[in-house]
Amino acid sequence: MKEISKRYNPSEIEPKWREFWEKNGIYKFNPKKKGKVFSVDTPPPYVSAEHLHAGHVMSYAQAEFVVRFKRMQGYNVFYPMGFDDNGLPTERYVEKKYKINKSKITRSEFIKLCLEETEKGAKNYKDLWTLLGISVDWSKTYSTINDHCRKISQWSFLDLYKKNLVYKAKKPILWCTTCQTAIAQADLEAEEKESNLVYIKAKAETGEEIVFSTTRPELLPAVMGISAHPDDKRYKKLIGKKIIMPLTKKAVTLTPDEATDMKYGSGAVYYCSYGGGECIEWLSRHPEADPTELVLSNGRFSAVGGKYEGMKVLEVRKQIVKDLQEAGAVQKIEPIKHSVYTHERCGTDVEYIESEQWFIRLLDKKKEFLKRGSELKWYPASMKKIYDSWVKNLKWDWCISRQRYYGVPFPVWYCEKCGGVILPEEKDLPVDPMEEKPKIKSCPKCGSKKFVPEMDVLDTWQTSSLTPVIGSKLVSEKNVEKKLYPNTLRPQAHEIIRTWLFYTIVKSHYHHGSLPFRDAMISGHGLDDQGRKISKRLGNYIPPQKIIDEYGADAVRYWATGAMLGQNLRFSLDEIKIGRKTTTKLWNAARFMGMNVEKAELLKSVDVLELADAWIVGELNKTIVEVTAAFEKYEYARAKESIDKFFWSKFADYYVEMVKYRFFGDDEKSKKIAGKTLATVFFNIVKLYAPIMPFVTEEIFHSHFKNLESAKSIHLSQWPNEIKLPAPKGRGLASGGKKTADISDFPTVLKAIEEIRKFKTKKGLSLGAEVESLKLKTKVNLKKYGELLRKVGRVGKIS
RNA sequence: GGGCAAUUGGCUCAGUGGUUAGAGCGUUUCCUUGACAUGGAAAAGGUCACAGGUUCGAUUCCUGUAUUGCCCACCA
């Protein structure tokens, strides 16, 4: 007989099963299968993430535990995979990698580079997911730049246009001067920054001095007006008077405005086009004001800036303070800390400029979105708060046009003559207006035959907010699509609730009048072993491939189960080592079974259990109930804890010990039942572990249990149910042998065994050492359990 | 400034209105026993952040304080 290694060797075993799963299509969605569908809106990762780390591993593994559980429960699982590879994240990545920017390269060259990098990135991910054993159906994949997604993304635009939910308007918008594009509120990040509050002196036409304070003195050339609170005694008499700005000598009227905070700064504030959201709001209250275009799209000053023309915003800020000081117009400068909005992709301070963009309506539908949010089942429930506060605080409609190259094009042409919007037919999608001409020959409004394409591309979220639709449409069978949408589960991280989750709800609400998915399972993210965010810059991570090489994918996955739902999880090599210990322990338990049980057989209701057998089956049943309930609630950490407890502290520590003497004795009947119980319980343990550790469990299934179930793979086998057996008769051990034995006092046996072990440890004896006699302190029914204790503890006489 | 969460042995984290609050790692001791020495058995170690309150009883519920983290907010 071949010597079986005592140590489980993942690098030998795991590749075998990877290949097996792939070859046999174990994880393929079967559209013809009857029964309940469990469909997953898998997060499509940004392929621009070149350096994958434990955080990526963690978030995908966590969703996957649930998927494997559902698959074993008999659901027809739809688990596609997408790659988010269009839009700004990819463009930024390419710009950094090749040290270029969009103004220094042609559109087509840029797109070519993006496509190349995208492909590399996708492969990078696929390799890692395959290594990890992520059970997605690789025949159901999409990339957000491919035709399938373009088509759906453009369809979405057309549908919204028809429903008057998307509009084009010229208004002040959020602008990134680095990326040189409009951005959306969700792309903002508030950052605490050091700044100066500058108190500037101006003269009223009456000759009096008025001081206003600002953190953005450079916008002085674009001043629109100046306000004070109507109740502010300091300024009451100046209201309505002209105030003459220093340097520019521009005169603006001091207006009363209740929004002004009397306590802040000097109590008087000036408004420019545009210093921020507050300026825009002020403008809506003061239509008489006269906005100008000071900051250009490249972040430099226009001719409106006079002598500052061509300078960058921050340069002007320094210079203008100097100039104001020289002119004697600065009262004081107060260093302050305040939060500034930056663009989350590049960290640049956001500017507010007036521009014509496409918007999806949000602001007038907040109530509807809040309602959808409360229809969704949140796991954990507390995550809903993030959603609610986001929706309530929305200030802008969703700007979806980006002045970029690499993205899904708008399906829009304009009539050159009258500016009318020309849209394609739905059946002609996807279209690229920059390459193609519209099908209609002339403008229906003015008859002109000349058209210009929309040059902007769509925001990346405009496409990724459609992933549930994109996924379901990967299946061609019509009636099946209905079963897939809305999806069952959206697993994702909490930092993209305001983007991916919110936008997806918006789209589904607008297009389908429903939620896009039933459950949202929100995970935390992976941190390094010191609790810091894992990042390329800090270099605080080990490449996952390397860890998998060394410890096996099962061990890494074991670590990933550690986080309670919604909690961040520190990377821990120790936890991975425990995972490896667990695979080894399972392996050795299987060896033990193989040594003592010729062929695994399951317990049947006619089998007469001994007390220990009944006890372990009872404990197993409790564990099955617990683990199932935990997985149902997506609480994989709890599920793992429960299996671990049972496997280590009940099965391995006690039951295996209790069964040894029977295997080595010559009571054939007892031996047989011990073997059957051992096989039954261990088979169930292996199944319970299968969602977490798919490789070692598959190996054990095939080497020890294949005869018990017809499933090709343990991952298609039946999830454990409670084992219903008649109560034990207590054969030979309990009184009578006919009466039903009561094993509720079995914990005293465990205690007694513990006491025997303690005794031996104290005496420096090995646990296998025979002891002549022992007086137990633990109260235990010796009539019932005496023989068991003597045999397990190797004690001649127990009293 | 508002909201939410956390604060439990050296470390990382579970947990509960009620007899001695748990786990893993770490530490110490013992054991090469018939699955497993990259193992096993055992021991030590906590006034459950702090201060009040509710209660027969609080680590658990309430209030406040402190610290940390997250989300949000136009204080120019």
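Described in the following lines is the structure provided in the data block.

Reading the values: the criteria
Residues numbered from 1 in each chain as written. Chains lettered and ligands numbered in written order. Predicted model: local features only at pLDDT ≥ 70, side-chain atom pairs only at ≥ 80, totals over all residues. Heavy atoms only, no water. Pairing = 2+ DSSP bridges. Helix = DSSP H or I, 4+ residues; strand = E, 2+ residues; numbered from the N terminus. Axes fitted to C-alpha atoms, helices over the stretch in contact; angles between N-to-C directions. 1 Å grid on protein atoms, 1.4 Å probe; cavity = no way out; pocket = protein on both sides within 12 Å on 5 of 7 lines; lining within 4 Å. Points joined across faces, edges and corners; volume = space filled by probe spheres on them. Salt bridge = Lys/Arg side-chain N within 4 Å of Asp/Glu carboxyl O. Buried < 20%, exposed > 50% of the residue type's maximum accessible area, 1.4 Å probe, protein only. Polar contact = N/O pair within 3.5 Å; in protein donor to acceptor, adjacent residues only side chain to side chain. Contact = heavy atoms within 4.5 Å. Right-handed = clockwise from strand over helix to strand, strands pointing away.

Here's the deal with the sheet that holds strand β22 (residues 487-493)
With respect to topology, three strands assemble into an open sheet ordered β15-β23-β22, the strand pairing being parallel. Of all the strands in the sheet, just β15 (377-379) and β22 have a single pairing partner and so form its edges. Across the sheet, the mean angle from the axis of one strand to that of its neighbour is 20 degrees, orientation sign disregarded. With six bridges connecting them, β22 and strand β23 (residues 517-523) associate as parallel partners. Paired with A493 across the strands is S523, a residue of β23.

Concerning empty space enclosed by the protein
Per the stated rule, a full pass over the model turns up five cavities of 30 Å³ or more. Taken as a whole, the largest cavity spans an internal volume of roughly 110 Å³. Lining the largest cavity are 16 residues; nearest its centre among them are L88, P89, R402, D459 and T460. Secondary-structure elements contributing two or more residues to the lining of the largest cavity are α3 (88-97), β21 (457-458) and α10 (460-464).

Brief notes about the pattern of salt bridges
Enumeration over the complete set of coordinates arrives at 50 salt bridges. For D528, the salt bridge is made with R532, and the minimal N-O distance between the two is 2.8 Å. On the accessibility criterion, R532 (34% relative accessible area) is partly exposed. Here the salt bridges do not stand alone but share partners, grouping E91, R92, E95 and R404 into one network.

Topic: the side chain of T144
Among the structural elements, T144 can be located in the loop between β4 (141-143) and α5 (147-162). With a relative accessible area of 0%, T144 lands in the buried category. Among the polar contacts listed, one links the side chain of T144 to the backbone nitrogen of D85, at a separation of 2.9 Å. Leave out the neighbours within four places in its chain, and T144 touches F83, D84, D85, N86, C149, V408 and T463.

With respect to the pairing of strand β27 (residues 795-798)
When strand β26 (residues 771-774) meets β27, the two strands line up parallel, connected through three bridges. Residue S773 lies in a different strand from β27, and its bridge partner there is K797. Note on the crossover from β26 through helix α22 (residues 782-793) to β27: the handedness is right-handed.

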